[in-house]
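Observations on chain architecture
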Amino acid sequence: MKRRQAAYRHVAQGLGDCSPTTFVVQGRLARIGGQNLLFGSSRQAVFAVNDTAADIWCSLQDGMSPEAIAVEIARGGIERREADRHVEATLEGWERMGLIRPGAPLSRPPAYEHSQTVAVAGLCIRIVYPAAFAFPAITVFRHLEVSSEAADIVLRLVERGERLHLFRDGEWILSCSPDELPVVLKGQLLTEVLDHCAYALALHAAALFRNERMVLLCGDPGAGKTTLTMALAHAGFGFAADDVTLLDSSGHATGLPFAPAVKAGAWPLLAERCPDLDASPVFRRPDRRRVRFVAPRALAPAPATAVPVGCVVLLRRDRGTKARLEPVDPASALRGLLNGAFAPGRTLSCSAFDALVSLIGSAGSYYLIYSGLDDAVELLAKACP
């Protein structure tokens, strides 16, 4: 085994600069009574493995890449493709069992990568894609691009087999399939904003801009928040956010203008308002629901700075009913805004509560009970002249 490990290290030195990533083992290998035993520290479990798997484990401990390991296995007389498949299957199984995780990605020549720097809520983040997987995912964040060379955070994607691994400043975060990439990146960008930007409260609310004031749309999943937001944006409202809006200490709001992800059920409803939607690539959320992204650059933008909130609308879908607005009492409005809200430190501070009180005290609050999209758009356009 020692001779084979030495040979592995020699191959790794020759191929390391071309390898996408190495792996970090999370356990121990022991040989007892002629049997190889792997102990997984994350799950506190023991697994019996054959000699080839034991050698792969030792090579990973030595920092070898999967490609280099497969090359050395092939030197033993196995066809190279079969060696690649064997190593790939072994590592995928160990990943699922929590025995290994991707380590820091190794360097790649610039020709193998595309990058973009985006700015969200004043935070600059560089995203580095493998060239083969950059498009069309990179277009979902094109409207957020800035020319700055400096970045507060670097997110790097590394391909391995049929999965993409996301690293943040060299530390592994998660993995996803290529068709989940824009959804996963959007979630990570939101996480970075919530972890590093200054705000009193992050509301789970869509935001539109009308006559120098924000209109906030709140609702449970399935209430039609994204669909109604897109319809209002195409009716002349400025687009600010489709999912998360930041509130400052004075009760003013700033939207996070990520590209809206429109679920498959809403595609027919928005076909006339978003004629390019049918041509947009289809991606999947981690729950496997299909979505298409609408580029906000085609919509009227809202100010990037915080502005007062003029109206809070709590959505209720009621099939077969004519759209109507009903006043909401302050307590119900507060509950609606707090539903799904996120506070820094995970605790609602007194200052954040004061900001909500200031918002509710100066804004109109309503239930929108509706069924048809056209009726709802017409009603809100009249209510927010």
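Before reading on, note that the structure itself is shown above.
Before going into details, it helps to say that this report is about the structure given with it. Everything numeric in this text was worked out from a predicted model, so none of it was measured.

To continue, consider the overall build of the protein chain. For the protein chain, the helix and strand inventory stands at nine helices and 22 strands. Expressed as lengths along the three principal axes of its C-alpha atoms, the size of the protein chain is roughly 80 × 45 × 45 Å. Every one of the 385 residues in the protein chain was classed for burial, and the buried ones make up 47%. Surface exposure of the protein chain reaches about 18,300 Å², of which carbon and sulfur atoms provide 51%. Considering the protein chain, the positive charge centre built from 41 side chains and the negative charge centre built from 40 side chains are found 3 Å apart.

Further remarks concern helix 7 (residues 330-338). Ser332, Ala333, Leu334, Gly336 and Leu337 are the residues of helix 7 that are buried. The elements touched by buried residues of helix 7 are strand 11 (201-203), strand 13 (213-218), strand 20 (309-317), helix 8 (350-362) and strand 22 (364-370). Capping the start of helix 7 is the job of one residue whose side-chain oxygen sits 3.2 Å from the backbone nitrogen of Ala331: Asp329. In the stretch just after helix 7, Gly340 is the one whose phi turns positive, near 80 degrees.

For the rest of this paragraph, the subject is a nonpolar patch on the surface. Taken together, the side chains of Leu338, Leu348, Phe353 and Val357 present a nonpolar region at the surface, about 300 Å² in accessible area. Note on placement: Val357 falls in helix 8.

What follows is about the pattern of salt bridges. In this structure the tally under the stated criterion is 17 salt bridges. The shortest N-O distance in the salt bridge between Glu113 and Arg156 comes to 2.6 Å. Here Arg156 lies in strand 8 (residues 153-160) and Glu113 lies in strand 6 (residues 113-120), a separation of 43 residues in the sequence. The exposure class assigned to Arg156 is partly exposed, which follows from its relative accessible area of 26%. Among the ionic pairs, Arg142 bridges to Glu145, the shortest N-O distance being 3.0 Å. Residue Arg142 is classed as partly exposed on the basis of its relative accessible area of 30%.

In this section: the environment of Phe141. Within the secondary structure, Phe141 is located in the loop between strand 7 (123-130) and strand 8. Exposure remark for Phe141: the relative accessible area of 1% places this residue in the buried category. For the pair Phe141 and Phe258, spaced 117 residues apart in sequence, the C-alpha separation works out to 7.4 Å.

Counting 37 residues, the largest nonpolar core has Tyr129, Phe141, Leu157, Leu181, Leu185, Leu189 and Leu256 as its most contacted members. Taken together, the elements giving at least two residues each to this core come down to strand 6, strand 7, strand 8, strand 9 (163-168), helix 5 (181-196) and strand 19 (290-293). Excluding anything up to four places from it in sequence, Leu181 contacts Tyr129, Phe133, Ala137, Leu157, Leu164 and Cys176. Judged by nonpolar contacts, the second largest core, of 31 residues, contains Leu217, Leu315, Leu368 and Val377.

The geometry of two aromatic rings is summed up by the distance between their centres and the angle between their planes. Scanning the entire structure with this criterion turns up two aromatic pairs. Note on Trp57 and Trp94: the rings are 5.4 Å apart at their centroids and 80 degrees apart in plane angle, and the pair reads as edge-to-face. Here Trp57, found in helix 2 (residues 51-61), pairs with Trp94, found in helix 4 (residues 80-96); they are 37 residues apart in sequence, far enough to count as distant. Residue Trp57 shares its accessibility class with Trp94, and that shared class is buried.

What follows is about the state of the cysteines. By definition, a disulfide links two cysteine residues through a covalent bond between their sulfur atoms. The final tally for this structure, using the stated rule, is zero disulfides. Here Cys274 is not cross-linked by a disulfide; its sulfur's nearest cysteine counterpart is in Cys384, at 20 Å. With no disulfide of its own, Cys384 lies closest to Cys311 among cysteine sulfurs, the gap being 4.3 Å. Accessibility expressed as a relative area gives 8% for Cys384, which makes it buried.

Before going further, it helps to spend a moment on the sheet that holds strand 6. Spatially, five strands are ordered 6-7-8-9-10 in an open sheet, and the strand pairing comes out mixed. What marks the edges here is a single partner per strand, and that holds for strand 6 and strand 10 (171-176). On average, adjacent strands in this sheet sit at an angle of 20 degrees to one another, irrespective of strand direction.

If you want to describe how two helices pack, look at the angle between their axes and the distance between the axes. Contact geometry of helix 6 (residues 225-233) with helix 9 (residues 373-383) gives a least axis separation of 10 Å together with a crossing angle of 60 degrees. Put simply, helix 6 runs oblique to helix 9. Crossing angle aside, the handedness with which helix 6 passes helix 9 is right-handed. Every residue of helix 9 that contacts helix 6 at Thr227, Leu228, Ala231 and Leu232 is listed here: Leu373, Ala376, Val377 and Leu380. The residue makeup of the contact of helix 6 with helix 9, split by class, is seven nonpolar, one polar and no charged.

On to the sheet that holds strand 4 (residues 45-49), then. Read across the sheet, three strands follow the order 2-3-4 without closing on themselves; strand pairing throughout is antiparallel. Both edges of this open sheet fall to strand 2 (27-32) and strand 4, since each of them pairs with a single strand only. Adjacent strand axes in the sheet meet at a mean angle of 25 degrees when their direction is disregarded. Alignment of strand 3 (residues 35-40) against strand 4, held across five bridges, turns out to be antiparallel. Considered in strand 4, the bridge of Leu37 is made with Ala48. Packed onto the sheet, helix 2 meets strand 2, strand 3 and strand 4 and runs at close to 140 degrees relative to strand 2.

Criteria and thresholds
- Residues numbered from 1 in each chain as written.
- Predicted model: local features only at pLDDT ≥ 70, side-chain atom pairs only at ≥ 80, totals over all residues.
- Heavy atoms only, no water.
- Helix = DSSP H or I, 4+ residues; strand = E, 2+ residues; numbered from the N terminus.
- Buried < 20%, exposed > 50% of the residue type's maximum accessible area, 1.4 Å probe, protein only.
- Areas by Shrake-Rupley, 256 points an atom, 1.4 Å probe, with all protein chains shown as cover.
- Lys, Arg positive; Asp, Glu negative; His and termini not counted.
- Charge placed at Lys NZ, Arg CZ, Asp CG, Glu CD.
- Contact = heavy atoms within 4.5 Å.
- Polar contact = N/O pair within 3.5 Å; in protein donor to acceptor, adjacent residues only side chain to side chain.
- Patch = residues over 30% accessible without salt bridge, like charges linked within 9 Å, V, L, I, M, F, W, Y side chains within 5 Å.
- Salt bridge = Lys/Arg side-chain N within 4 Å of Asp/Glu carboxyl O.
- Core = buried A, V, L, I, M, F, W, Y, C linked by side-chain atoms within 4.5 Å.
- Phe/Tyr/Trp six-rings, centres within 6.5 Å; stacked < 30°, edge-to-face > 60°.
- Disulfide = S-S within 2.5 Å.
- Pairing = 2+ DSSP bridges.
- Axes fitted to C-alpha atoms, helices over the stretch in contact; angles between N-to-C directions.
- Parallel < 35°, antiparallel > 145°, perpendicular 65-115°, else oblique.
- Left-handed = near helix turned anticlockwise from the far one by under 90°.
- Nonpolar A, V, L, I, M, F, W, Y, C, P; charged D, E, K, R; others polar.

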